[in-house]
Each structure stands twice: as C-alpha cells, then as structure tokens.
Amino acid sequence: MSGEEETLEGLLQFWTGWPSLPMLGDKMTVAYLPNYPNKVLAEADTCFKVIKIPTCHSDYKDFLKYMDISISHGKVGFGKM
C-alpha cells in the first residue's frame, strides 16, 4: 500500500469509522469549526459521517500537520479527542 493510499484509508476510517467507502447513498459531509479559534484538531462524527475542520490555521503546513495528528490518533474510536 502506498503512502497516499494509507493516508486516504486513514482519513476514511477517521471520517466514517470504516476503512473503505461507505455504502452508496450515504452522504459524507464537511463542516467547519469557526467558533473555536483555539481548536487545532479536526473532529469526526462517524454516525452521521461528518468531518469538522478547524479554521484557526493560517498556514497549510500547520493545517496538514494537525490533520495528520487528528487522523492518526482519531481513526480508532469515534474521531473525538
């Protein structure tokens, strides 16, 4: 498995609770956390397949670093830390 495939699988696991795409017809949603200026990690609501992205990052490298942390620590469980 390539690094990109592993990252995508981790994202799906974090977002949906499953390591593969959900059933057809299941909606996956992206939401934002604008009212939390100090929240750096993403959250996932696996029951409703919603990923919540923090908006405090002004630098892409910073955002990517914290998304990687969110995914690696939150992909087992329910995406909440």
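Higher on the page you've got the structure.
Residues numbered from 1 in each chain as written. Predicted model: local features only at pLDDT ≥ 70, side-chain atom pairs only at ≥ 80, totals over all residues. Heavy atoms only, no water.

(A) Up close: the overall build of the protein. Across its full length, the protein holds 2 helices and 3 strands. When the helices and strands of the protein are placed in sequence order, the string is α-β-β-β-α. The burial tally for the protein puts 27% of its 81 residues in the buried class. For the protein, the accessible surface area stands at approximately 5,700 Å², while carbon and sulfur atoms represent 59% of it. (Helix = DSSP H or I, 4+ residues; strand = E, 2+ residues; numbered from the N terminus. Buried < 20%, exposed > 50% of the residue type's maximum accessible area, 1.4 Å probe, protein only. Areas by Shrake-Rupley, 256 points an atom, 1.4 Å probe, with all protein chains shown as cover.)

(B) Local environment of the nonpolar core. Listed in full, the 8 residues of the largest apolar core are Phe-14, Trp-15, Ala-42, Ala-44, Ile-51, Ile-53, Met-67 and Ile-71. If we ignore the near neighbours within four places in the chain, the residues touching Ile-53 are Val-30, Ala-31, Tyr-32, Leu-33, Phe-63 and Met-67. (Core = buried A, V, L, I, M, F, W, Y, C linked by side-chain atoms within 4.5 Å. Contact = heavy atoms within 4.5 Å.)

(C) Broad picture of the packing of aromatic side chains. A complete count under the given rule lists 1 aromatic pair for this structure. Geometrically, the ring pair formed by Tyr-60 and Phe-63 is tilted, given 6.2 Å between the ring centres and 40° between the ring planes. With Tyr-60 and Phe-63 both in helix 2 (residues 60–74), this residue pair falls 3 residues apart, about one helical turn. By relative accessible area, Phe-63 is classed as partly exposed at 24%. (Phe/Tyr/Trp six-rings, centres within 6.5 Å; stacked < 30°, edge-to-face > 60°.)

(D) Summary view of the pattern of salt bridges. Summed over all chains, the structure comprises 2 salt bridges. Lys-49 is the salt-bridge partner of Asp-26, the closest N and O atoms lying 3.6 Å from each other. Residue Asp-26 is found in the loop between helix 1 (3–16) and strand 1 (29–33), and its partner Lys-49 is found in the loop between strand 2 (43–45) and strand 3 (50–54); the two are separated by 23 residues along the sequence. For Asp-26, a relative accessible area of 37% gives the class partly exposed. Assessed through its relative accessible area of 14%, Lys-49 is described here as buried. The partner of Lys-39 in a salt bridge is Glu-43, with the nearest N and O atoms 3.1 Å apart. Residue classification places Lys-39 among the partly exposed positions, given a relative accessible area of 21%. Take Glu-43: its relative accessible area is 17%, and that puts it in the buried class. (Salt bridge = Lys/Arg side-chain N within 4 Å of Asp/Glu carboxyl O.)

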